[in-house]
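# Tertiary structure, described
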Amino acid sequence: QVQLVESGGGLVQPGGSLRLSCAASGRTFSMYPMGWFRQAAGKEREFVAGITWSGGGTYYADSVKGRFTISRDNAKNTVFLQMNSLKPEDTAVYYCAQARQAYSSVEHNTARHYGNWGQGTQVTVSS
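This report concerns the structure included in the present document. Small disclaimer: the values here were computed from a predicted structure and weren't measured. (Residues numbered from 1 in each chain as written. Predicted model: local features only at pLDDT ≥ 70, side-chain atom pairs only at ≥ 80, totals over all residues. Heavy atoms only, no water.)

## Digging into the overall build of the chain
Within the chain, the regular secondary structure consists of zero helices and 11 strands. In the chain, the succession of α and β elements from N to C terminus is β-β-β-β-β-β-β-β-β-β-β. Relative to a compact globule of 127 residues, whose C-alpha radius of gyration would be 14 Å, the chain shows 13 Å and is just as compact. Expressed along its principal axes, the backbone C-alpha trace of the chain runs to roughly 40 × 25 × 25 Å. Here the chain holds 127 residues, and 45% of them are scored as buried. (Helix = DSSP H or I, 4+ residues; strand = E, 2+ residues; numbered from the N terminus. Rg over C-alpha atoms; globule rule 2.2 N^0.38 Å. Buried < 20%, exposed > 50% of the residue type's maximum accessible area, 1.4 Å probe, protein only.)

Printed below as a string of structure tokens:
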């Protein structure tokens, strides 16, 4: 089973930026779409951003469109989430996830599409 390890979370002021990374084990990383989700305290986990297996397609939740950018480096088995113009409502635990279906180019924007999850990294936006 692929292991996913997130890093890069922390405390940032409103308007600031953070870059999350998710490193994957194994040799199959490049075959699968990847996604980022988040879960705020007392709320359900929600989709944030997704990227196709090749990196040629990206898609975002409306709440982060224009502020967040997902990317991947298949040579380094890593997916990234660049977060700019952060707001207090972005505060959550952020999770990366690997889609269940290899070589898929459709948009996977619900949790049921993903089979492997990282342990999460806390992002807190506060002054």
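## Quick word on the nonpolar core
Trp36, Val79, Leu81, Met83 and Tyr94 are the most contacted members of the largest nonpolar core, which totals 33 residues. For this core, the element with the highest residue contribution is strand S9 (residues 92-99), accounting for five residues. If near-sequence neighbours (up to four positions away) are discounted, methionine 83 is found in contact with Gly16, Ser17, Leu18, Leu20, Arg67, Phe68, Tyr94 and Val123. (Core = buried A, V, L, I, M, F, W, Y, C linked by side-chain atoms within 4.5 Å. Contact = heavy atoms within 4.5 Å.)

## Focus: the state of the cysteines
Under the definition given, this model contains one disulfide. The side chain of cysteine 22 participates in a disulfide bridge whose partner is cysteine 96; the two sulfur atoms lie 1.9 Å from each other. Taking the torsion about the sulfur-sulfur bond, which here is approximately 45°, the covalent link between cysteine 22 and cysteine 96 counts as right-handed. With cysteine 22 in strand S3 (residues 18-24) and cysteine 96 in strand S9, this pair connects stretches of sequence that are 74 residues apart. A relative accessible area of 0% places cysteine 22 in the buried class. (Disulfide = S-S within 2.5 Å.)

## Side note on the packing of aromatic side chains
Under the definition given, this model contains six aromatic pairs. Centroid distance phenylalanine 37 to tyrosine 114: 5.1 Å. Interplanar angle 80°. Geometry classified as edge-to-face. Residue phenylalanine 37 is located in strand S4 (residues 34-39), and its partner tyrosine 114 is located in strand S10 (residues 114-117); the two are separated by 77 residues in the primary sequence. Ring geometry for phenylalanine 47 against tyrosine 59: centres 5.8 Å apart, planes inclined by 15°, an arrangement best described as stacked. Of this pair, phenylalanine 47 sits in strand S5 (residues 46-51) while tyrosine 59 sits in strand S6 (residues 58-60), and the two are 12 residues apart along the sequence. Like tyrosine 59, phenylalanine 47 is buried. Taking the ring centre of phenylalanine 80 as reference, the NZ or CZ of arginine 19 above it sits at 4.0 Å. (Phe/Tyr/Trp six-rings, centres within 6.5 Å; stacked < 30°, edge-to-face > 60°. Lys NZ or Arg CZ within 6 Å of the ring centre and 35° of its normal.)

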